[in-house]
Amino acid sequence: MITVILIQSEDMLQIDFAGHAGYAEKGKDIVCAGVSALYYALTEGVRRQAPDAVSVSRKSVTIDLSSTAAAAVSEAVVTGLIAIAEAYPRHLSVRRISG
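The structure contained in this document is the topic of the report that follows. Because the structure is predicted, anything quoted here is derived from the model rather than measured. (Residues numbered from 1 in each chain as written. Predicted model: local features only at pLDDT ≥ 70, side-chain atom pairs only at ≥ 80, totals over all residues. Heavy atoms only, no water.)

**Points about the overall build of the protein**
No. 1: Each helix and strand in the protein was counted, giving 2 helices and 5 strands.
No. 2: Helices and strands appear in the protein in the N-to-C order β-β-α-β-β-α-β.
No. 3: Referenced to the eigenvectors of the C-alpha coordinate spread, the extents of the protein come out at roughly 40 × 25 × 20 Å.
No. 4: The 99 residues of the protein split such that 37% are buried.
No. 5: When contacts within the protein are restricted to residue pairs at least 6 apart in sequence, those whose partners lie at least 24 apart make up 54%.
No. 6: Surface exposure of the protein reaches about 5900 Å², of which carbon and sulfur atoms provide 53%. (Helix = DSSP H or I, 4+ residues; strand = E, 2+ residues; numbered from the N terminus. Buried < 20%, exposed > 50% of the residue type's maximum accessible area, 1.4 Å probe, protein only. Contact = heavy atoms within 4.5 Å. Areas by Shrake-Rupley, 256 points an atom, 1.4 Å probe, with all protein chains shown as cover.)

Written out as structure tokens, the structure reads:
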């Protein structure tokens, strides 16, 4: 299972990614592909719209939500992650934590 933890304060959002979906074999796992696509959409989308509003490490992304563009990209990605988790609850878990 992939676990995504959303840690949000008033003006910052940290998204931590861990695990493997286990939906299908490597190269055919649509849950993993969906989460990976959203990860890349988040990091590249914010970098292109508000380069100073994102910090990326291997399995974690931190977004400065004071940037309207960064907040909009982040909200779209979080919505997508939640939709995948609702469709594949045995393979993706998304948890929100107030920071």
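**Remarks on the pairing of strand 2 (residues 12-19)**
No. 1: Both strand 1 (residues 2-8) and strand 2 contribute to a ladder of 7 bridges, which runs antiparallel. If you follow Ile-2 over to strand 2, its bridge partner there is Gly-19.
No. 2: The hairpin turn running from strand 1 into strand 2, its antiparallel successor, is 3 residues long.
No. 3: Relative to strand 4 (residues 60-64), strand 2 is paired through 5 bridges, and the arrangement is antiparallel. Along strand 4, the bridge assignment pairs Leu-13 with Ile-63. (Pairing = 2+ DSSP bridges.)

**Here we look at the side chain of Thr-43**
No. 1: Here Thr-43 lies in helix 1 (residues 30-49).
No. 2: In this structure Thr-43 touches Val-56 and Val-61, once residues within four positions along its chain are discounted.

**Looking at the packing of aromatic side chains**
Both the distance between ring centres and the angle between the ring planes are used here to describe each pair of aromatic rings.
No. 1: The final tally for this structure, using the stated rule, is 3 aromatic pairs.
No. 2: When the ring of Tyr-23 is compared with that of Tyr-88, the centres are 5.3 Å apart and the planes differ by 80°; the resulting orientation is edge-to-face. On the criterion of sequence distance, the pair formed by Tyr-23 in the loop between strand 2 and helix 1 and Tyr-88 in the loop between helix 2 (68-87) and strand 5 (92-98) is long-range, its members being 65 residues apart.
No. 3: Exposure remark for Tyr-23: the relative accessible area of 39% places this residue in the partly exposed category.
No. 4: Using a relative accessible area of 26% as the deciding quantity, one classes Tyr-88 as partly exposed.
No. 5: Among the aromatic side chains, those forming a connected cluster through ring pairs are Phe-17, Tyr-39 and Tyr-40. (Phe/Tyr/Trp six-rings, centres within 6.5 Å; stacked < 30°, edge-to-face > 60°.)

**Quick word on the side chain of Ser-60**
No. 1: Secondary-structure assignment places Ser-60 in strand 4.
No. 2: Judged by relative accessible area, which is 12%, Ser-60 ranks as buried.
No. 3: At 2.6 Å, the side chain of Ser-60 and the side chain of Asp-16 are in polar contact. (Polar contact = N/O pair within 3.5 Å; in protein donor to acceptor, adjacent residues only side chain to side chain.)

Any functional reading would require information beyond the geometric quantities listed.
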